[in-house]
Amino acid sequence: MNQEDTASVVSATKAYYDGPADEIYRTVWGDNLHLGVPRTEESSHPEAMEHTNEIMAAAAPLGCGVRVLDLGCGYGSTARYLARNFGCHDTGVNISEKELQLARERSRERDLDHLLSFEYGDFHHLEYADDSYDIVWSQEAFLHAADKVAVLTECRRVLRPGGSLIFTDILVRQDTPEEDRARIYDRVKSPDMWDLEVYRNALTGLDLTVTREEDWSHYVARSYGWVQDRLRENRESLLPRVGADTIDNTVAALSFWVDSAEAGKIGWAFFVAEKSR
């Protein structure tokens, strides 16, 4: 994909997250915009999202002074978690101005400004020096990349030798029919979504050593089913801000995502990959 096409995808993604989706996400998801790995069958989705952070953090050499680059940081919930619990210096990067604004506000409210910064940036072209971060972290953001190889290459470039790329992403299985694939992409305005083995091969091709790979696909339907239920519950309060058509179309799109996840067409994976020393 050329530079002009990439810019078009970035612009469309920004419009999506700065548009009605912002109202829906703030109301339904809260500050944390991720899928969840439940501790038990009884775990709520917010608890499952926190557990996801804990699993990912346990795979990283975190501590005071560790520099983390959080790509697609959303409202900064994970960055605050890492700063508060480990004393990391976290730079959150995002293309949504509305999400960045709230992330900064939350950082000030929790007295974490000395550890956190939130900056506008396109992960296809990072404005950071080579070998400048100990950890590059991302949760369900790479699905928006127009050129995922370029994004992974940038991740490798800014990692110091021995540093780790730690990320999750939503997958679309390679045998998914094109008609279904197009409907899946349309909900989140994604240009392309990879499968697990495509990620594995791309990481290996960039000389990143995959040290951990987990398929969390069986949690996708549970996560998005919760989102769909919450959206229905909050329909009346959202109507003045979003409108009936947007809400109803989103509910229908979420229903298709839940059905697709249950049918094995949508997945979710966790990767840890290390840059050679």
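Check the entry above for the structure.
Position numbers for residues count from 1 along each chain, tracking the sequence in the order it is written. With pLDDT at 70 or above as the cut-off, local features in this predicted model cover only qualifying residues; side-chain atom pairs require 80 or more to be listed or tallied, and sums for whole chains, interfaces and linings still use all residues. Side-chain metrics in this entry use all non-hydrogen atoms of the structure; hydrogen atoms and water are not considered.

## Brief notes about unusual backbone geometry
How we decide: Segments assigned H or I by DSSP are reported as helices when at least four residues long, segments assigned E as strands when at least two residues long, and all are numbered from the N terminus. Each residue is placed in one exposure class: buried if its accessible area under a 1.4 Å probe, protein chains only, is under 20% of its type's maximum, exposed if it is over 50%, and partly exposed if it falls in between.
Non-glycine residue Glu 140 carries a positive phi angle of around 50°. By the element assignment, Glu 140 lies in the loop between β4 (133–139) and α6 (148–158). Non-glycine residue Lys 189 carries a positive phi angle of around 55°. With respect to the helices and strands, the residue Lys 189 is situated in the loop between α7 (178–188) and α8 (196–205). Lys 189 gets classed as partly exposed once you look at its relative accessible area, which sits at 38%.

## Focus on the pattern of salt bridges
Stated formally: The rule for a salt bridge is simple: a side-chain nitrogen of Lys or Arg has to be within 4 Å of a carboxyl oxygen of Asp or Glu.
One pass over the full model with this rule turns up 23 salt bridges. As a salt-bridge pair, Arg 157 and Asp 130 come within 2.8 Å of each other at their nearest N and O atoms. With a gap of 27 residues between them, Arg 157 in helix α6 and Asp 130 in the loop between β3 (116–120) and β4 connect regions that are remote in the sequence. For Arg 157, a relative accessible area of 23% puts it in the partly exposed group. Salt bridges sharing partners connect three or more residues here, namely Asp 31, Arg 80, Arg 106, Glu 109 and Arg 110.

## Thoughts on the sheet that holds strand β1 (residues 67–71)
For the record, the criterion: Only when DSSP finds a minimum of two bridges between them are two strands counted as paired. Where helices are involved, their axes are fitted lines through C-alpha atoms of the stretch in contact, as for all axes, and angles between N-to-C directions lie from 0 to 180°.
Pairing in this open sheet of 7 strands is mixed, and the strands run β3-β2-β1-β4-β5-β7-β6 from one edge to the other. Only two strands of the sheet have a single neighbouring strand rather than two, namely β3 and β6 (208–215). Within this sheet the neighbouring strands show an average axis-to-axis angle of 15°, counted without direction. Looking at chain direction, β6 and strand β7 (residues 266–275) are connected through 7 bridges and run antiparallel. Note that in β7 the partner of Arg 212 across the bridge is Val 272.

## Regarding the packing of aromatic side chains
Threshold: In this analysis, rings of Phe, Tyr and Trp, with Trp reduced to its six-membered ring, are considered paired at centre separations within 6.5 Å, and the interplanar angle assigns stacked below 30 degrees, edge-to-face beyond 60, and tilted for intermediate values.
Enumeration according to the criterion identifies 17 aromatic pairs in this entry. Taking 4.8 Å as the distance between ring centres and 80° as the angle between the ring planes, the aromatic pair formed by Tyr 16 and Tyr 17 counts as edge-to-face. As far as burial versus exposure is concerned, Tyr 16 and Tyr 17 are alike and both buried. When the ring of Tyr 199 is compared with that of Phe 271, the centres are 6.0 Å apart and the planes differ by 50°; the resulting orientation is tilted.

## Some words on the pairing of β1
Burial of β1 is extensive: 4 of the 5 residues sit out of reach of the surface. Judged from the 5 bridges that link them, β1 and strand β2 (residues 89–94) form a sheet pairing that is parallel. Bridge pairing in β2 places Leu 71 opposite Val 93. Examined bridge by bridge, β1 and β4 share 4 bridges and lie parallel to one another. Paired with Asp 70 across the bridge in β4 is Trp 137.

## Here's the deal with the packing of α7 against helix α11 (residues 244–262)
Heads up, the rule is: Relative orientations are named as follows: roughly parallel for angles under 35 degrees, roughly antiparallel for angles over 145 degrees, roughly perpendicular for angles from 65 to 115 degrees, and oblique for any other angle. Note: crossing handedness is left-handed where the near helix turns anticlockwise from the far helix by less than a right angle, and right-handed where it turns clockwise. Whether two residues touch is decided by their heavy atoms; if any such pair falls within 4.5 Å, the residues are in contact. Residue classes follow a fixed rule: Ala, Val, Leu, Ile, Met, Phe, Trp, Tyr, Cys and Pro count as nonpolar, while Asp, Glu, Lys and Arg count as charged, and any other residue, Gly among them, counts as polar.
α11 packs onto α7 with a crossing angle of 130° between their chain directions and a minimal axis gap of 10 Å. In terms of their interaxial angle, α7 and α11 are classed as oblique. Two packed elements cross with a definite hand, and for α7 against α11 that hand is left-handed. Residue-level contacts link Asp 180, Arg 183, Ile 184, Arg 187 and Val 188 of α7 to Ala 253, Leu 254, Phe 256, Trp 257 and Ser 260 of α11. Of the residues assigned to the contact of α7 with α11, the class counts are 6 nonpolar, 1 polar and 3 charged.

## Some thoughts on the side chain of Asp 169
For the record, the criterion: Only four residue types enter the charge count, namely Lys and Arg as positive and Asp and Glu as negative; His and the chain termini do not. Distance and chemistry together define a polar contact, namely a pair of N or O atoms within 3.5 Å, with one atom able to donate a hydrogen and the other to accept it when in protein, and with adjacent residues in sequence counting only for side-chain atoms on both sides.
Within the secondary structure, Asp 169 is located in strand β5 (residues 159–172). Buried Asp 169, no salt bridge; nearest opposite-charge side chain is Lys 148, N-O distance 5.7 Å. Polar contacts involving the side chain of Asp 169 include one to the main-chain amide nitrogen of Leu 143, which spans 3.1 Å. Ignoring sequence-local partners within four residues, the contact set of Asp 169 consists of Glu 140, Ala 141, Phe 142, Leu 143, Tyr 199, Gly 267, Trp 268 and Ala 269.

## Regarding the packing of helix α2 (residues 20–28) against helix α9 (residues 220–233)
Here α2 crosses α9 at 100°, and the two axes come no closer than 10 Å. One element, α2, and the other, α9, form an angle in the roughly perpendicular class. Together, Ile 24, Thr 27 and Val 28 of α2 and Trp 226, Val 227, Arg 230 and Leu 231 of α9 make up the contact between the two elements. Taken together, the residues of the contact of α2 with α9 break down into 5 nonpolar, 1 polar and 1 charged.

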